[in-house]
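One-letter residues, chain by chain:
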Number of protein chains: 2
Amino acid sequence: MSSIRYEHIKTCKQTGARLGKLHTPHGTIDTPIFMPVGTLATVKAMSPEELTELGSQIILSNTYHLWLRPGEDIVKEAGGLHKFMNWDKPILTDSGGFQVFSLSENRKIVEEGVHFRSHLDGSKLFLSPEGAMDIQHALGSDIMMAFDECPPYPATHEYVKQSIERTTRWAERCLTHHKKSGQDKTQALFGIVQGGEFQDLRNQSARDLIAMDFPGYAIGGLSVGEPKDIMYKVLEETLPLLPEDKPRYLMGVGSPDALIEGVIRGVDMFDCVLPTRIARNGTCFTSGGRLVVKNKKFERDFGPLDPECDCYTCKNYSRAYIRHLFKADEILGLRLTSYHNLHFLLKLMRDVRTAILNDNLLEFKEAFFEAYKLNIENPKNF
Amino acid sequence: MSSIRYEHIKTCKQTGARLGKLHTPHGTIDTPIFMPVGTLATVKAMSPEELTELGSQIILSNTYHLWLRPGEDIVKEAGGLHKFMNWDKPILTDSGGFQVFSLSENRKIVEEGVHFRSHLDGSKLFLSPEGAMDIQHALGSDIMMAFDECPPYPATHEYVKQSIERTTRWAERCLTHHKKSGQDKTQALFGIVQGGEFQDLRNQSARDLIAMDFPGYAIGGLSVGEPKDIMYKVLEETLPLLPEDKPRYLMGVGSPDALIEGVIRGVDMFDCVLPTRIARNGTCFTSGGRLVVKNKKFERDFGPLDPECDCYTCKNYSRAYIRHLFKADEILGLRLTSYHNLHFLLKLMRDVRTAILNDNLLEFKEAFFEAYKLNIENPKNF
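What you see is a predicted model; the values in this text were computed from it and never measured.

Caption draft 1: Here's a closer look at the sheet that holds strand 7 (residues 105-109) of chain B. Residue and element names in this part refer to chain B. The sheet built from three strands is open, its strands ordered 7-8-9 with antiparallel pairing. Each end of this open sheet is capped by a strand with a single partner; those strands are strand 7 and strand 9 (124-127). Across the sheet, the mean angle separating the axes of adjacent strands is 20° when strand polarity is ignored. In this structure, strand 7 lies alongside strand 8 (residues 114-117), joined through three bridges in antiparallel fashion. Pairing of glutamate 105 across the sheet is with arginine 117, part of strand 8.

Caption draft 2: Quick peek at the relation of the copies chain B and chain A. Rotating chain B by 180° about the axis while translating it 0.0 Å along that axis superimposes it on chain A, leaving an RMSD of 0.0 Å. Expressed as a symmetry operation, the mapping of one chain copy onto the other fits a two-fold axis. Across chain B, the rotation axis passes nearest the C-alpha of isoleucine 331 of chain B, at a separation of 4.0 Å. Take the interface residues of chain B: 100% of them recur as interface residues in chain A, which is what a same-surface contact looks like.

Caption draft 3: Representation of the pattern of salt bridges within the structure. Residues and elements named next belong to chain A. For the structure shown, the criterion picks out 50 salt bridges over all chains. When the shortest N-O distance is used, the salt bridge between aspartate 359 and lysine 13 registers 4.0 Å. Taken together, the residues span a long stretch of sequence, with aspartate 359 in the loop between helix 14 (331-357) and helix 15 (361-372) and lysine 13 in the loop between strand 1 (5-11) and strand 2 (18-24) at a distance of 346 residues. The buried category is assigned to aspartate 359, whose relative accessible area is 19%.

Caption draft 4: View of the interface of chain B and chain A. Each partner contributes to the interface: chain B provides 38 residues, whereas chain A provides 38 residues. In this structure, the connection of chain B to chain A is made through eight salt bridges. Note that arginine 300 of chain B and glutamate 77 of chain A form a salt bridge whose closest N and O atoms lie 2.4 Å from each other. Between the two partners, chain B and chain A, sit 20 residue pairs in polar contact (both at pLDDT 80 or more). Every element with two or more residues in the side of chain B that touches chain A is listed here: helix 1 (48-53), helix 3 (72-77), helix 4 (81-85), helix 12 (312-316), helix 13 (319-327) and helix 14 (331-357) of chain B. The element that contributes the greatest number of residues to the side of chain B that touches chain A is helix 13 of chain B, accounting for five residues. The residue makeup of the side of chain B that touches chain A, split by class, is 21 nonpolar, five polar and twelve charged.

Parameters at a glance
Residues numbered from 1 in each chain as written. Chains lettered and ligands numbered in written order. Predicted model: local features only at pLDDT ≥ 70, side-chain atom pairs only at ≥ 80, totals over all residues. Heavy atoms only, no water. Pairing = 2+ DSSP bridges. Helix = DSSP H or I, 4+ residues; strand = E, 2+ residues; numbered from the N terminus. Axes fitted to C-alpha atoms, helices over the stretch in contact; angles between N-to-C directions. Least-squares fit on C-alpha atoms with pLDDT ≥ 70 in both. Contact = heavy atoms within 4.5 Å. Salt bridge = Lys/Arg side-chain N within 4 Å of Asp/Glu carboxyl O. Buried < 20%, exposed > 50% of the residue type's maximum accessible area, 1.4 Å probe, protein only. Polar contact = N/O pair within 3.5 Å; in protein donor to acceptor, adjacent residues only side chain to side chain. Nonpolar A, V, L, I, M, F, W, Y, C, P; charged D, E, K, R; others polar.

Structure (structure tokens):
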């Protein structure tokens, strides 16, 4: 019996989009959902109360980063990640697999796990499937992820085949270790389907993981540099393989277009640093496309970031003021843009859920894309 | 008729401390009061709503900084500083005099004003009494400050004498220009008593400025490197010279001990960047003295910054978590310490006002100092 339960409400009549609820030990979330990323036990520049005000129902935090700083033992001693960071709603932690492959140096993969060097100080580290479980047990997240290898794009069929077979063996070890710990009563473990752009390997990976009966499945290894049409093709061919009574999570995706396209193909959960990362550079999502608020042309623009937006930032501050804050390196600037960008994606997902309910997701998508393409900075940049 | 009015409620029976209210166009403030500093139209790391929640009744902003960035014309076009920064309570702006003398390079003082170079890009700038008024008129602050020279410490008697005489002539020009503008109906202009450590010059400066009948007076040129006993002596000898029916403002002072000692000597208003500046380095005021939260010893300390404190930070976060945020360069860390330090000083001033009301300010001071000296970092460091 899993500690989480997916409740399917309806499937869109126009697309594969699913409306549902995911019940977790720290509360119920509406799917499809976007999860803001709190890499180091904080969603950058935001307070937990602001996240709640924005309608964040679940956040993601990173096993690899918390393992290095402050160390999972400290988080555990604090009473777990929820208490440590003052967030009492659901938390999903990744496994560290992606960071080991994207951030670390000198990595060497062996059957036991991965030897690599810290991206912070170059010290020698080793992470195994069992280790990734132990860390996530110490953190106490509601949803844990299996330790996988995320192959780069492009990679050869031969390499990816070996990789998914190892990822499957690691997934078995994760599951065994998780069950043995007894923590499976309060923490749910998701499997991660890999396979790169190769559909036969995606099929093989999905089949193997489904046989292990995880309470949820992620699609990993996408949004790693491949063209978006490849990502969409993989989703179209892979998602129908997954059990309908379990949640599906597309890892690392957060651009407005990819969220909508992902939902249409049946994805329930997304996460990405994109909204907060670009916000700290002064780039904002708006209903008319991306806007770079530092631009000179906004110097005397006393209108809101997005005239269509009713968030705290847009109700109270002008482009001119926010531009000034960025030019003067003032922290309030990136607080305001981070808040706005998170609001934009969380509202988008609320609108998407309403559109699924009303069976007009395709019309919603068309109207959204039409407006969004009127991008004043770069029409091609979603 | 001035646009502000000082209402004297009572004078402490034990000391020269005054309890009062200052009525301004944007609301009434309780004195004695501490004014958080919003240098560039934002109190660093804080939102206006947080300042209100903290009990900030008035903030200070800097004429010199806003003149350079974004430029006072942009602030004026936005509808003034209150609207630009989303703060509808009182604002006091300094005159730029202090920054011209402390930040800028290659300054040359002439009777007309000061030639100097920007601290940002080295460009040539000139500021005169009339210019400082014009900028503050564009900003629209409730309380403006006269353009003065702030002599360094130490300085010779001869230098300071020439300086205060010029400051007096500049004050006359400020007043004339201010009245001519008609802005004196909505903005009050304070004079600044200078004179360094020389009491005869403080007397002369006070006498000259009082003759001009400003609606409020500041004591400038203190907290510029002189020992604290010199500062207290100057206050003791200068404050009694000032009219009792007008507010007295001690510029640039914000350490807990100096706030209490200033109030005891009759000061009504204070400002300082200290609480927010040290907060961004991880140094916190606590009832037991300053605490450097980044220290290794707090790694597993799951108690609040200050066990005696009931602020948002102390109610929700541990020293271990805040230390982690600082070690990881996370913005939430300095948001939490900035919030806490401002709360500490604003609560201190609330307690001081209550003590004046109850005629037990000396007992309050003794108890506060007794606890505060139990400084775990440095017993001498207030």
